Amino acid sequence: FPGWSIRSDGSIVIATGNDDALGVYACTPYNSYGTAGESQPTRVLLKDPPAFTVRPKEEYFQEVGRELVIPCMAHGDPPPTITWVKLGSAGKNGAQVDANSSLVFRPLIKEQHGVWECTASNQVAHVSTATSVHVLGTSPHAVTNVSVLPLLLAANISWEPGFDGGYFQRFSVWYTPLVKHLPRAHHDWVSLSVPAGAQHLLVENLQPDMSYQFSVLAQNKLGSGPFSQIVTSVPRGFPQTTVPPEPPAMTVRIFLSPPQALTANETARGVLLQWEPPGQLSVALSGYALELRQDKGGWEVLDRSIPSTKTQVLVPGLIKDAFYEFRLVAFAGSYISDPSNTVNVSTAGMEVYPSRTQLPELLPQPVLAGVIGGICFLSVAVIFSTVAACIMNRRRATRLQKRRQ
């Protein structure tokens, strides 16, 4: 057949596989003395590699907390297996794959932002296609590729912005002298605002030959993202013959992912919150802080001293007929992770919670102001009544004494 050939070692080469190649084959070796017989028969079958029938779009944009379904289908012989993976991350980060091989986010969370790859595999071949998921309505993602160029008594800091969460983001550069070569809390650092649209900043008036730490923070209307990795650098001083060569810039990367799989369960004593520790951290975990908000109000810190060894906490005494949201952040020294996923708790129609909260910080501000005002008014009224009674008694006694005289 055209395209068929036999190599010197006896192998047969079929350049193009088609129906002509189907069948049973046997090999018979021989020489001048004859042959010892043919080999065991082998069967040639034609199989089809996977081919996509439905590909995901190049990009998807969806609000955080909503559902997103990304289709991916393929055929082949034998039928291929469809798998999904997020590039640059272990696991599916809470995503599921349904019976149609579609990737399902229910609900969509900030950590699922990124590039996802769909792979179709069978015994013949593997084929892949990728799509980008953009999660809107979140705080910004951390900037990447922070670099510091040492200059004379100054340093030029540049970076690549992360995803802005769907809102305009601004940047600020934070820095501090590294005297003892130990990381310092960010609230002890000096911060400089970056002009809108810029991705670099010149930090001047630095001390020569002293190590400095630099970090970049992104912010939008919803809040601040995580700090970037910390970069250590030494600004140049004036050249002197006695000064040794400047040390190279060093990069210190700090990783602290948020707590995982936060869930809420109702009990007779209150709401039991459970979670799993952060999946990635490069420093020792110090503890957790629990945040809540009521009826879509502002976020408040409920408990900032949860030990790092705990993976659950009981929240008693919520107000009846109210809607609560809870989230968790992790601490590692002076570093704070992004918030975990948010869990919702509604006390509408429940009998397990009293009508008034047992947690003072959970009282709505108008109610708390009314209670305090009422107590103050009653106190003033009692004092005024007592003083008035004393004055009236004293006047009455004076009159009786004058009559007797």
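Structure: see above.
Here's a quick rundown of the structure. (Residues numbered from 1 in each chain as written. Predicted model: local features only at pLDDT ≥ 70, side-chain atom pairs only at ≥ 80, totals over all residues. Heavy atoms only, no water.)

### Here we look at the overall build of the protein chain
Part 1 of the argument: Scanning the protein chain from terminus to terminus reveals one helix and 32 strands.
Part 2 of the argument: The buried share among the 405 residues of the protein chain stands at 33%.
Part 3 of the argument: Considering only contacts within the protein chain whose residues lie at least 6 apart along the sequence, 60% involve residues at least 24 apart.
Part 4 of the argument: About 24800 Å² of surface is accessible on the protein chain, with carbon and sulfur atoms providing 55% of the total. (Helix = DSSP H or I, 4+ residues; strand = E, 2+ residues; numbered from the N terminus. Buried < 20%, exposed > 50% of the residue type's maximum accessible area, 1.4 Å probe, protein only. Contact = heavy atoms within 4.5 Å. Areas by Shrake-Rupley, 256 points an atom, 1.4 Å probe, with all protein chains shown as cover.)

### Some thoughts on the pairing of strand β17 (residues 154-160)
Part 1 of the argument: Judged from the six bridges that link them, strand β16 (residues 144-151) and β17 form a sheet pairing that is antiparallel. Within β17, the position partnered with L149 by the bridge is N156.
Part 2 of the argument: With antiparallel pairing between neighbouring strands as the criterion, β16 and β17 make up a hairpin whose turn holds two residues, including L153 at a positive phi of roughly 55°.
Part 3 of the argument: Two elements, β17 and strand β20 (residues 200-203), share four bridges in a ladder whose sense is antiparallel. Note that in β20 the partner of A155 across the bridge is V203. (Pairing = 2+ DSSP bridges.)

### Considering the sheet that holds β20
Part 1 of the argument: Pairing in this open sheet of three strands is antiparallel, and the strands run β16-β17-β20 from one edge to the other. At either margin of the open sheet sits one strand with a lone partner, and together these are β16 and β20. With strand direction ignored, the average angle separating the axes of adjacent strands in the sheet is 15°. (Axes fitted to C-alpha atoms, helices over the stretch in contact; angles between N-to-C directions.)

### Some details on the pattern of salt bridges
Part 1 of the argument: Tallying each qualifying case throughout the model produces four salt bridges.
Part 2 of the argument: Linking D77 and K47 is a salt bridge whose minimum nitrogen-to-oxygen distance equals 3.9 Å. Of this pair, D77 sits in strand β10 (residues 73-77) while K47 sits in the loop between β6 (42-44) and β7 (48-54), placing them 30 residues apart in sequence. (Salt bridge = Lys/Arg side-chain N within 4 Å of Asp/Glu carboxyl O.)

### Looking at the environment of E38
Part 1 of the argument: Mapped onto the fold, E38 is located in the loop between β5 (34-35) and β6.
Part 2 of the argument: Separated by ten residues in sequence, E38 and T28 place their C-alpha atoms 4.1 Å apart.
Part 3 of the argument: Ignoring sequence-local partners within four residues, the contact set of E38 consists of A26, C27 and T28.

### Quick look at the state of the cysteines
Part 1 of the argument: Under the counting rule described, the total for this entry stands at one disulfide.
Part 2 of the argument: At a sulfur-sulfur separation of 2.0 Å, the disulfide partner of C72 is C118. Residues C72 and C118 are joined by a disulfide whose S-S torsion is about -85°; by sign, that bridge is left-handed. In this pair, C72 is assigned in the loop between β9 (68-70) and β10 and C118 in strand β14 (residues 114-121), connecting sequence segments 46 residues apart.
Part 3 of the argument: The class for C72 is buried, based on a relative accessible area of 0%.
Part 4 of the argument: On the accessibility criterion, C118 (0% relative accessible area) is buried. (Disulfide = S-S within 2.5 Å.)

### Quick look at unusual backbone geometry
Peptide bonds are, in most cases, trans, and in most cases residues other than glycine have a negative phi.
Part 1 of the argument: Following D77, the chain continues to P78 via a peptide bond in cis, the omega torsion being 0°.
Part 2 of the argument: Along the chain, P78 falls in the loop between β10 and β11 (81-86).
Part 3 of the argument: Note the cis peptide between R106 and P107, where omega equals 0°.
Part 4 of the argument: As for its position among the elements, P107 is in the loop between β13 (103-105) and β14.
Part 5 of the argument: Here S101, not a glycine, exhibits a phi torsion of approximately 70°, which is positive.
Part 6 of the argument: As for its position among the elements, S101 is in the loop between β12 (96-97) and β13.
Part 7 of the argument: Under the relative-accessibility criterion, S101 is labelled buried at 19%.
Part 8 of the argument: Backbone geometry places L153, a non-glycine residue, at a positive phi of 55°.

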